[in-house]
Amino acid sequence: GDIIGGIALGPLTVALKLLGITASPLANAYFEDQRAAAASAADIVSFLDRLRPAISRVRRRGGRVFLLAHSMGNWALENALNLWAKGGGLPHSMLFDEAISASGDCPFEEMGKGPLWLAQLGRLSGRVSVYHSAGDQILRLSQVVNNIQRLGRSGPTDRTDLTCYPKDRWRFVDCENLRDTGPGLSLDSSHQFYRRIPEVRDDMARVMNDKGAGGRVVL
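Colleague: Explain the overall build of the chain to me, and be specific about the residues and the numbers.
Modeller: Helix and strand content of the chain: 10 helices and five strands. Put simply, of all contacts in the chain between residues at least 6 apart along the chain, 77% involve residues at least 24 apart. Counting only carbon and sulfur atoms, one obtains 55% of the accessible surface of the chain, whose full area is about 10,800 Å².

Here it is, written out as structure tokens:
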């Protein structure tokens, strides 16, 4: 999902928020995007469910299957997995060899622990890689608008709990210190680090090649 349309004039939205004016047209546009992403949950569940036979065929031929969710796509995925689990249809078998969350524009906790949907994603994946950056300025604005820290800024609140996130099945990749030297820098460049910065792209390529250290990784 792309939240630029809703908070492109972020400093103004933040100022209005700090002043207690939450009915900013900019914030409202963002919330409309958020509601639309959540409303796609049933369609995502249906798509993934129908994809299961194809995934099985790919894996039988020795192939690998990946999931990449960026920005508000994580919010859509969160709502989809919660809906799937609530309906009792969440698969017990692995769907994805590696699931990648980048710049997740969704809450980093639920009742003091990591969000439930992450655990659900872990059950569907051979491994989960969460790429995050405290330097993501778009998520910084989103955090102000939503009044809760975003997953893509630091990972889940309990990311150091190896019982919940064993090193062989979880990767938390800190990209804060990487510098974007590419062309076309703009307001949302820091939110696009997963595709703009070569070190991040290379790391994702290693992961898709069934390599890359687990646990906490600092790029």
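Colleague: Which residues make up the confidence of the model for the chain, and what values do they have?
Modeller: Averaged over every residue, the pLDDT of the chain is 88; the share at 70 or more is 88%. Confidence drops under a pLDDT of 50 for residues 1-16, and excluding neighbours within four residues, the segment shows 38 contacts in the predicted structure.

Colleague: Tell me about helix 5 (residues 73-86), and please be specific about residues and values.
Modeller: Taking 1.5 Å per residue as the helical rise, helix 5 with its 14 residues ought to reach 20 Å, and the 20 Å between its terminal C-alpha atoms agrees with that figure. For helix 5, the full list of buried residues reads N74, W75, A76, L77, E78, A80, L81 and W84. With its phi angle positive at about 80°, G88 sits one or two positions after the end of helix 5.

Colleague: Tell me about the environment of T181, and name the residues and values.
Modeller: Mapped onto the secondary structure, T181 falls in the loop between strand 4 (170-174) and helix 9 (193-196). By relative accessible area, which is 64% here, T181 ends up exposed. Separated by 17 residues in sequence, T181 and P198 have C-alpha atoms that sit 9.7 Å apart.

Colleague: Please give an account of unusual backbone geometry that cites residues and values.
Modeller: Most peptide bonds take the trans configuration, and most residues that are not glycine carry a negative phi. For S71, which is not glycine, the phi dihedral falls at a positive 55°. By the element assignment, S71 lies in the loop between strand 1 (66-70) and helix 5. Unusually for a residue other than glycine, N147 sits at a positive phi of about 65°. Summarising the element assignment, N147 is placed in the loop between helix 7 (137-146) and helix 8 (151-154).

Rules behind the numbers
- Residues numbered from 1 in each chain as written.
- Predicted model: local features only at pLDDT ≥ 70, side-chain atom pairs only at ≥ 80, totals over all residues.
- Heavy atoms only, no water.
- Helix = DSSP H or I, 4+ residues; strand = E, 2+ residues; numbered from the N terminus.
- Contact = heavy atoms within 4.5 Å.
- Areas by Shrake-Rupley, 256 points an atom, 1.4 Å probe, with all protein chains shown as cover.
- pLDDT = per-residue confidence, 0-100.
- Expected span 1.5 Å × (residues − 1).
- Buried < 20%, exposed > 50% of the residue type's maximum accessible area, 1.4 Å probe, protein only.

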